[in-house]
Amino acid sequence: MRVLLSILREFADLPNDADLVATALNSLGMAVESIEEVGIPVPGVVTARIVRTERHPDADKVTRCFVDTGDGREMHVWCGATNMGAGDVVPLATIGTTMPDGRGIARRGILGIDSEGMLCSPIELGISTESSGLLILPPNSPLGVDPFVVLGIEHDVVFDLDLTRNRPECWGHAGVARDLAAHFHVAYRGPRLSSVKHGDARSIPVTLSDPSRCPMFSATVLSGVVVTSSPNWVQSRLAHLGMRSINNVVDASNLVMLELNQPNHAYDYASVSSFDVRRARTGEVLRTLDGVDRVLTDEDLVIVNAADGTPVGLGGIMGGLESEVVGTTSTVSLEMAWFEPDSIRFTVNRHGLRSEASTRFERGVDPEGVVIAADRFATILSETCPDLALHEGMTIARDATCPSARRVTVRRHQIKRTLGIDLSVNDVIELLKPIGFNVTAAGEEFEVVTPTFRPDCEEEIDIIEEIARHYGYDALGKSVPSSTVHGRLSLVQQRRRAVRRLMVALGLDEAMPSPFLAPGDLRSVGLIEDDVLQLANPLVAEESILRTSLRPGLLSALAFNRSHRAPRVALWEIGHVYPPSDDKVDQPLPGEYEQLCIVVADADLDTALRQWNALCECLAVGAQLDQSRIPDGFHPTRSATIARGKQQIGAVGEVSPVVLANLGIDGRVACLEVDLSILLRETPKPVQARDINRFPSSDIDLAFTMSEEAPATTLQRALRQAAGANLVFIELFDVYRGAGVDDGSRSLAFRLRLQKQGGTLTDSEIGEIRDKCIAAAKKSGASLR
Amino acid sequence: MGTQSGEISAALSRALEALGAASSPEDVRSIVSQVTGKRGSLGLLKSSLGSIADIEERKEVGASINAASTRLAEAADTRIAELSASELHRVIERDRVDVTERALKTDVAARLGRTHLVTQATERLEDVFIGLGFQIAEGPEVESDFYNFEALNMPPSHPARSMWDTLFVDQDPQGSVLLRTHTSPVQIRVMQEWPPPIYAIMPGRVFRRDTPDATHMPVFHQIEGMVIDRNITFADLAGTIEAFTKAFFGSEFTSRLRPSYFPFTEPSAEFDIRRPDGSWIELGGCGMMHPRVIRAGGLDPDEWSGFAFGFGIDRMAKERHGVADLRDMYSNDVRFLEQFP
């Protein structure tokens, strides 16, 4: 929202200091996005009349203009524009002028003929951002003077405000000025109103056919209208505020909206003299002011000429083209209304049509602001229409549902409880009264009547916020509450951090791929894609599926890095995955959980197994490796499912060659994927210290041949059981395939360290254990070599 | 006497010469035993002592032989020590490597892994808030309309919902399940699950329907803070923001609050951080928890009051490390990731 300092200062005695005002605006919650000085006079630019123009046979792109700045001396200027002619008054930048863009005007010649200055366009003078040629001034303008003075363009300051949803009144200068006046402790005056001649009573019949959507509609008749151009100050204000000047009637209408946040529309009284506000009929067509034919539905609200039932405006959004004020208009019907904000918002979205009016209506305008708005409209228009009469008998059709002032009870202790300040009755009155709130004290409570231009103020806390704003956030002080809880990481959070440190120690880099996948991504890494959640409104189809595994993202990151010849690609991620819930009625949210995934390029399953073992150690957890269940997307003969009983919690090994081919990845890729939520949730008990056994230990080495089909862990488990309580550790220290071992088998050599509690093992005891181990191995299908 | 004395010193100097030429401790020992043995030069001289008639002379010659023997033994020890040292030296020399060459080998030079910049920033923030007495709460990223909007004082069709471009999950009833647009829904979950007083921060991933550019990502990270206790005032909010500012950015940084609007807090504010050079960083939003939000969390706003604040994590990481384009942070390009240990 652009706001002009000059208008603010007309409405209240504010300091003539843009920085001071900007600071105040910020501290009141109207964030100043930019401060722009406009209409800065350009010394050296004066008005000049074009006496005659001449073409030069050798210069077809420029015209020779002979101008007079009032002293009767003809000056020669080359000009590239084409919109001027003899008799026009234009701005001349004389020799030595520095233009707003920094360019200096020097005596320059074309074809050896000097130019004694430059004729200027509005852009060059910094008063507009668009133009098609020279700025043509009114024909009777005095010569040799500052064209800004002629145009009434004042040096002004525009604040661009970023307004919040709860301050609809600031969409008009009045709202901003009122807040500033309170801040600077000066009186709020409001717009200048002159006494306009009052005509006889002429009321306009109004019907509210849909009072829930439009509960208030007003109409006033103004006669004696002469459609002409606006006074300079009106044009200047509109230009600074970014609106085009159309004619005095439309301009007055727009300026009233910008000043008072009261959108309004002037119809030609000759064509519209009675109104109805009703739902459109489906298929009804209205050509709006922008020239577009809008096909309406019964969801749309239209303003209708009650005489013939034809729509003349899309309620609260845009007027119709047909009933526009035209050159011959002498009487207007000025319409102002209050529309239900939500319905305006829906209509705007339905038609994709947003206007200055709809922006204001959907935030909320003052339902009681129409009388002053009509007066201001008349005041502005009367400057160009000396015979203007504002007719008595303004119609204000109002339904009971139209919002009116609210009464809100504010407890004094609640102010203290929220803001930490003890305010007296007078303090509260002094803070709230200047911004339009009426306060009466009743014991420890205040009865606050909220102004109708503040629809956001509905309850106690809203009023407390207003008190805080005008008391000043800075003045409320700073204190630190003494936390009554102990700051710490939860156990799960501590364990997650331990895993992160482990990943770093293992030399793995954390990636953060998008949790959104493209259709086919899961399938291409060998996972099931039938049961996934999709986005209803994805930005692009490539990001329409919610991941059920981290693998697609990490593998595609791996492929990307490989294709950029990264020397080592070892990535990890801890992130959420979102498998759909089984019963979306009782459990609408997905079975979201945290996964850990690691992928390492050019690495085999040993790498993944090392990582899995390290993770188990880090978290003091364990699980079985089950090679009989081939995990989806993993190498069928070089991977295992990580299981706890029947529950599958992850997979470890190498990525399937089919998947690697799909993704165009060469070499092996080690991969570990686990349900981290389960592992983090476990709370291992503190390990209790064991006495160090100081008796001598003995090692026995046993090598077995065993079928490739049988898992080595089966043999180890058998040995462990057979060795019993005296086993201190067991390790697989050698694996051998080749001469001496049958095809389809391998030799597995285990070392068992034996040690007895409270004594030394005798040779016969060791022999006994050895025999038991060999027997147990035999039972599990392994034979001693 | 003269003859014998000359023979002794000649024998000693011959023996010392031989020691000098010895190439191993064994050589040394055999030279010594040769010279002092029965048939050795000194040994022979010793055995001929008996033939000296004069007692005094015999004593004198005997002492000379002993002195020569001692001298030889000492020289032998020295020579053995010399030879052992050079043997060790040879062994050590055999082990010699170019340490700098080894340092360059791929497996030796392998660097540590990395945590993502966002993870680093999150952990730093968490640590600061833990120091201020906060605990850390987490919540789901796929949320219901209730937690993301309704409980946060945004009933259906509330205009403020349009402050966020929401991504919805395609699930009936449409609009009921969405990707959380902020971490604020965790506030409600925490109030429902944790007994007050509550001092919690809630970092996490959030989603908006935004086209990625240098400063926006559809998936990014926020951290939310919340305090619920008895008699919490606006000054406590401002003071907590200030304490965080100093703890996280440094003691020479300060903060300010400007009025703003959020549906779930009132009074609401934007908070800015002032750098030592006087410039400002617009960091995030905050405010006193709206009584309706406290009620939605199952607590009585007349008994409990509190405040909440939130800001983006990604931007913190971006500014700290001078990352020009947010998209680089999510490129998963090792050349980017490896830069930040």
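Participant: Report on the overall build of chain A, specifying residues and quantitative values.
Facilitator: Counting its secondary structure elements, chain A contains 20 helices and 39 strands. Overall, chain A is about 130 × 85 × 55 Å in size when its C-alpha atoms are taken along their principal axes. Once local pairs closer than 6 in sequence are excluded, the contacts in chain A between residues at least 24 apart make up 71%.

Participant: Which residues make up the pairing of strand S19 (residues 310-314) of chain A, and what are the values?
Facilitator: Residue and element names in this part refer to chain A. Across the five residues that make up S19, a large majority, four, are buried. As paired elements, strand S18 (residues 301-305) and S19 share four bridges and run antiparallel to each other. The residue bridging Asn305 from the neighbouring strand is Thr310, located in S19. Counted between consecutive antiparallel strands, the loop separating S18 from S19 contains four residues, among which Gly309 sits at a positive phi close to 80°. Where S19 meets strand S20 (residues 318-319), two bridges bridge the pair, whose relative direction is antiparallel. Bridge assignment links Gly313 to a residue of S20, and that residue is Gly319.

Participant: Talk me through the interface of chain A and chain B; I want residue IDs and the actual numbers.
Facilitator: Taken together, the contact between chain A and chain B spans 68 residues of the former and 71 residues of the latter. Secondary-structure elements contributing two or more residues to the side of chain A that touches chain B are helix H2 (18-27), helix H7 (341-351), helix H10 (412-419), helix H12 (460-471), helix H13 (491-505), strand S27 (509-510) and helix H15 (551-563) of chain A. Ranked by the residues each element gives to the side of chain A that touches chain B, the list is headed by H12(A), at six residues. Partitioned by chemical class, the residues of the side of chain A that touches chain B number 32 nonpolar, 21 polar and 15 charged.

Participant: So what's going on with the pairing of strand S37 (residues 727-736) of chain A? Which residues, and what values?
Facilitator: Residues and elements named next belong to chain A. Counted residue by residue, S37 has zero buried out of 10 residues, so it is predominantly exposed. Of the strand pairs in this sheet, S37 and strand S38 (residues 745-754) are connected by eight bridges, and their pairing is antiparallel. Paired with Val735 across the bridge in S38 is Leu748.

Participant: Give a description of the environment of A:Leu161 that names residues and reports values.
Facilitator: All names here are of chain A. By the secondary structure assignment, Leu161 is in strand S10 (residues 156-162). C-beta crowding within 10 Å serves as the criterion here: with 22 such atoms nearby, Leu161 is assigned to the buried category. A sequence separation of 288 residues divides Leu161 from Val449, and the C-alpha atoms of the two residues are 28 Å apart. Ignoring sequence-local partners within four residues, the contact set of Leu161 consists of Met1, Val3, Leu25, Met30, Ala31, Val32, Glu33 and Cys170.

Participant: Before we move on, could you go through the nonpolar core and cite the residues and values that matter?
Facilitator: Counting residues in each nonpolar core, the largest one holds 262 residues, and the members touching the most others are A:Leu8 and A:Leu558. Setting aside residues no more than four positions away along its own chain, A:Leu8 makes contact with A:Val3, A:Leu14, A:His173, A:Val176, A:Ala177 and A:Leu180.

Participant: Residue-level account of the domain arrangement of chain A, with values.
Facilitator: Residues and elements named next belong to chain A. The domain architecture assigned to chain A consists of domain 1 (2-39 + 156-184), domain 2 (45-151), domain 3 (197-398), domain 4 (407-473), domain 5 (491-681) and domain 6 (698-784). Put simply, the middle of domain 1 and the middle of domain 4, counted by C-alpha atoms, are 23 Å apart. Counting residues at the interface gives 12 residues for domain 1, matched by 10 residues for domain 4. Of all the elements, helix H4 (residues 173-184) adds the most residues to the side of domain 1 that touches domain 4, at six residues. Grouping the constituent residues of the side of domain 1 that touches domain 4 by class yields four nonpolar, five polar and three charged.

Participant: Tell me about the confidence of the model for chain B, and name the residues and values.
Facilitator: On average, residues of chain B carry a pLDDT of 92, and 99% of them reach 70 or more. Confidence metrics for the complex model read pTM 0.85 and ipTM 0.86.

Participant: Give me the sheet that holds S27(A): which residues, what numbers.
Facilitator: Residues and elements named next belong to chain A. Pairing within the open sheet is mixed, and its seven strands lie in the order S27-S30-S31-S35-S34-S33-S32. A single partner strand is all that each edge strand has here, and the edge strands are S27 and strand S32 (624-626). Alignment of strand S31 (residues 593-601) against strand S35 (residues 669-675), held across seven bridges, turns out to be antiparallel. Paired with Ala601 across the bridge in S35 is Val669. With respect to the sheet, H15 is in contact with strand S30 (570-577), S31, strand S34 (647-655) and S35, its orientation differing from that of S31 by roughly 25°.

Participant: Explain unusual backbone geometry to me, and be specific about the residues and the numbers.
Facilitator: All names here are of chain B. Here the residue pair Pro196 and Pro197 is connected by a cis peptide bond, since its omega of 0° sits within 30 degrees of zero. Position of Pro197 relative to the elements: it lies in the loop between helix H9 (185-193) and strand S4 (198-207). Pro267 follows Glu266 through a cis peptide bond whose omega is -5°. Topologically, Pro267 is positioned in strand S7 (residues 265-274).

Here is what the cut-offs are and how they apply
Residues numbered from 1 in each chain as written. Chains lettered and ligands numbered in written order. Predicted model: local features only at pLDDT ≥ 70, side-chain atom pairs only at ≥ 80, totals over all residues. Helix = DSSP H or I, 4+ residues; strand = E, 2+ residues; numbered from the N terminus. Contact = placed C-beta atoms within 7 Å. Buried ≥ 20, exposed ≤ 12 C-beta atoms within 10 Å, placed from the backbone. Pairing = 2+ DSSP bridges. Nonpolar A, V, L, I, M, F, W, Y, C, P; charged D, E, K, R; others polar. Core = buried A, V, L, I, M, F, W, Y, C linked by C-beta atoms within 7 Å. Domains from an automatic or database assignment. pLDDT = per-residue confidence, 0-100. Axes fitted to C-alpha atoms, helices over the stretch in contact; angles between N-to-C directions.

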